[in-house]
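# Chains, contacts and geometry: an overview
Spelled out from the first residue to the last, the chains are:
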Amino acid sequence: MNESREITNIYKGQFVPYDLDGQEQEKITVLNISYDPKLGKGWYAMRLEPGAETVVHVHDVDEEFLILEGHLIEDDGTILKPGDFVTYPKGSRHNSRTNTGCLLIGINHDGV
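Let me sum up the structure you'll find in this document.

A few words on the overall build of the protein chain. Within the protein chain one finds 0 helices and 11 strands. Order of helices (α) and strands (β) in the protein chain, N terminus to C terminus: β-β-β-β-β-β-β-β-β-β-β. Against the compact-globule benchmark of 13 Å for 112 residues, the protein chain has a radius of gyration of 14 Å, which places it among compact chains. In terms of principal-axis extent, the alpha carbons of the protein chain reach across some 45 × 30 × 25 Å. Burial analysis of the protein chain (112 residues in total) assigns 38% to the buried set. Taking contacts inside the protein chain between residues at least 6 apart in sequence as the whole, the part at least 24 apart equals 59%. Accessible surface for the protein chain amounts to roughly 7,000 Å². Of this, 50% is attributable to carbon and sulfur atoms. Counting 10 positive and 19 negative side-chain charges, the protein chain places the averaged centre of each group 3 Å from the other.

If you trace the 6 strands from one edge of the open sheet to the other, you get β1-β2-β3-β11-β5-β8, paired in antiparallel fashion. Of all the strands in the sheet, the pair left with one neighbour each is β1 (16-17) and β8 (85-88).

Take the pattern of salt bridges next. Under the criterion given, the structure shown has 2 salt bridges. Put simply, Lys41 and Asp110 hold a salt bridge, and the shortest N to O gap is 2.4 Å. Of this pair, Lys41 sits in the loop between β2 (28-32) and β3 (42-48) while Asp110 sits in the segment after β11 (102-109), and the two are 69 residues apart along the sequence. A salt bridge links Asp84 to Lys81; the shortest N-O distance between them is 3.6 Å.

How each quantity is defined
- Residues numbered from 1 in each chain as written.
- Predicted model: local features only at pLDDT ≥ 70, side-chain atom pairs only at ≥ 80, totals over all residues.
- Heavy atoms only, no water.
- Helix = DSSP H or I, 4+ residues; strand = E, 2+ residues; numbered from the N terminus.
- Rg over C-alpha atoms; globule rule 2.2 N^0.38 Å.
- Buried < 20%, exposed > 50% of the residue type's maximum accessible area, 1.4 Å probe, protein only.
- Contact = heavy atoms within 4.5 Å.
- Areas by Shrake-Rupley, 256 points an atom, 1.4 Å probe, with all protein chains shown as cover.
- Lys, Arg positive; Asp, Glu negative; His and termini not counted.
- Charge placed at Lys NZ, Arg CZ, Asp CG, Glu CD.
- Pairing = 2+ DSSP bridges.
- Salt bridge = Lys/Arg side-chain N within 4 Å of Asp/Glu carboxyl O.

Set out below in structure tokens:
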């Protein structure tokens, strides 16, 4: 048995109101996997209910995410669907919304 292993199930975990961009956002919840709010880095799962929209934000670090369920519409009109992996480099600016609802897993990190 590996006692140092930690397992998080994103389908059974406790999602809480999303505030990673500095303010709580309506219809969006987050499951902290390894995200450190002081550093602004780590893994998280994010659930957006139908009609949710993130605030416009600029990334202090690189952000990458994988769409698991639903669709996400980026501010330029690009529609992301399950299986799409997205990378936003440090300094990039965007916001996202969903009509269908969406579940994604993301990481904020320093570039490699």
